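# Commentary on secondary and tertiary structure
Listed here are the chains, written in short residue letters.
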Amino acid sequence: MLGIKGINTFYGKLQALWDVSFEVKEKEIVSLVGANGAGKTTILKTISNILHPSSGVIEFMGIRIDRMPSHRIVEMGISHIPEGKKLFPDMTVRENLELGAFASETWKRKEERLTLVYQIFPRLKEREKQLARTLSGGEQQMLAMGRGLMSMPRLYMLDEPSSGLAPLLIKELFEVIKILRDQGTTILLVEQNTQRALEISDRGYVLENGRITLEGMGEELLANEYVKVAYLGL
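Residues numbered from 1 in each chain as written. Predicted model: local features only at pLDDT ≥ 70, side-chain atom pairs only at ≥ 80, totals over all residues. Heavy atoms only, no water.

Spatially, four strands are ordered E2-E1-E4-E5 in an open sheet, and the strand pairing comes out antiparallel. Single-partner strands in this sheet number two, and they are strand E2 (14-24) and strand E5 (63-64). Two elements, strand E1 (residues 2-11) and E2, share seven bridges in a ladder whose sense is antiparallel. By the bridge assignment for E2, Tyr11 is matched with Leu14. (Pairing = 2+ DSSP bridges. Helix = DSSP H or I, 4+ residues; strand = E, 2+ residues; numbered from the N terminus.)

See below:
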């Protein structure tokens with residue numbers, strides 16, 4: 001579904017990604033794990049073309065997208081839920097969700113998508129008329145994820161969704177991610193909680209200093225001695 005080939009990305013003169021290549025197959029969960037500053041968020045921003053790669057190729061469903069504007073990438077079926085939620089705080093829950101369906105094709109099915117999101121996150125239905133800033137941290141994360149689902153994504157990219165959440169909410173969050181995969185949505189997950197991420201992943205990649213250093217099945221990486229020491233504290 002998604003092919004990343006030899007991507008190099010810079011922040012000004014500072015190189016953040018070095019010849020990064022990986023793939024995401026349809027209907028699987030793929031995790032990108034690594035320490036803070038490893039380049040995980042930069043990869044998602046590069047896929048969304050928020051950051052422009054200096055070289056390399058990104059293809060989605062066989063179509064090159066690294067030169068497309070971000071709104072076209074969303075229309076193709078890629079949804080990016082950024083770290084820190086990035087909600088519109090003085091808009092209601094429903095208004096935030098509706099903005100996720102703003103593209104013309106998805107707007108026609110807005111009510112259908114709202115029904116689906118409220119089924120997945122019933123708490124959002126209860127708080128439909130509340131301002132986003134009045135929600136708890138967990139509810140705000142649900143809203144960010146729900147807004148991303150409104151665009152009918154084929155590829156759903158999540159950046160640190162468990163950040164700042166209580167353990168019980170983290171467990172619920174990862175259950176939702178598995179449900180979405182089981183319903184046919186492909187997931188690309190960036191997550192600091194390496195244990196949780198790899199437990200639910202079909203495959204994973206370890207990123208260090210802007211380079212992919214390890215790859216394998218989720219269970220293989222969990223059993224890898226280097227991963228145990230460096231990322232699991234074992």
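Moving on to the sheet that holds strand E6 (residues 78-81). Spatially, the six strands line up as an open sheet ordered E6-E7-E8-E3-E9-E10, and their pairing is mixed. Each edge of the open sheet carries a strand with a single partner, namely E6 and strand E10 (211-217). Going across the sheet, the axis of each strand differs from the next one's by a mean of 15°, ignoring polarity. As paired strands, strand E7 (residues 155-159) and strand E8 (residues 186-190) are joined by five bridges and run parallel to one another. Residue pairing in the sheet places Met157 in a bridge with Leu188 of E8. Across the sheet, helix H1 (residues 40-47) lies against strand E3 (29-33), E6, E7, E8 and strand E9 (203-208), angled at about 145° from E7, the strand it touches most. Packed onto the sheet, helix H8 (residues 167-182) meets E3, E7 and E8 and runs at close to 150° relative to E8. (Axes fitted to C-alpha atoms, helices over the stretch in contact; angles between N-to-C directions. Contact = heavy atoms within 4.5 Å.)

Note on placement: Asn96 falls in helix H3 (residues 93-99). For Asn96, the contacting residues outside a window of four places in its chain are Leu87, Phe88, Met91, Ala132, Leu143 and Arg147.

For the rest of this paragraph, the subject is H1. Of all eight residues that make up H1, six are buried, and the element is covered over most of its length. Those residues of H1 that sit buried are Lys40, Thr42, Ile43, Leu44, Thr46 and Ile47. Asn49 lies just past H1 and shows a positive phi near 65°. (Buried < 20%, exposed > 50% of the residue type's maximum accessible area, 1.4 Å probe, protein only.)

Another point: the pattern of salt bridges. Under the counting rule described, the total for this entry stands at 19 salt bridges. For Arg72, the salt bridge goes to Glu75, with nearest N and O atoms at 3.3 Å. Taken together, the residues Arg72 and Glu75, both in helix H2 (residues 70-76) and three residues apart, mark about one turn of the helix. Residue classification places Arg72 among the partly exposed residues on the basis of a relative accessible area of 33%. Exposure remark for Glu75: the relative accessible area of 44% places this residue in the partly exposed category. Two residues, Arg94 and Glu98, come together in a salt bridge whose shortest N-O distance is 3.0 Å. With Arg94 and Glu98 both in helix H3 and four residues apart, this pair spans about one turn of that helix. With a relative accessible area of 16%, Glu98 lands in the buried category. In the salt-bridge network here, residues are joined through shared partners; they are Arg94, Glu98, Lys110, Glu111, Lys125 and Glu128. (Salt bridge = Lys/Arg side-chain N within 4 Å of Asp/Glu carboxyl O.)

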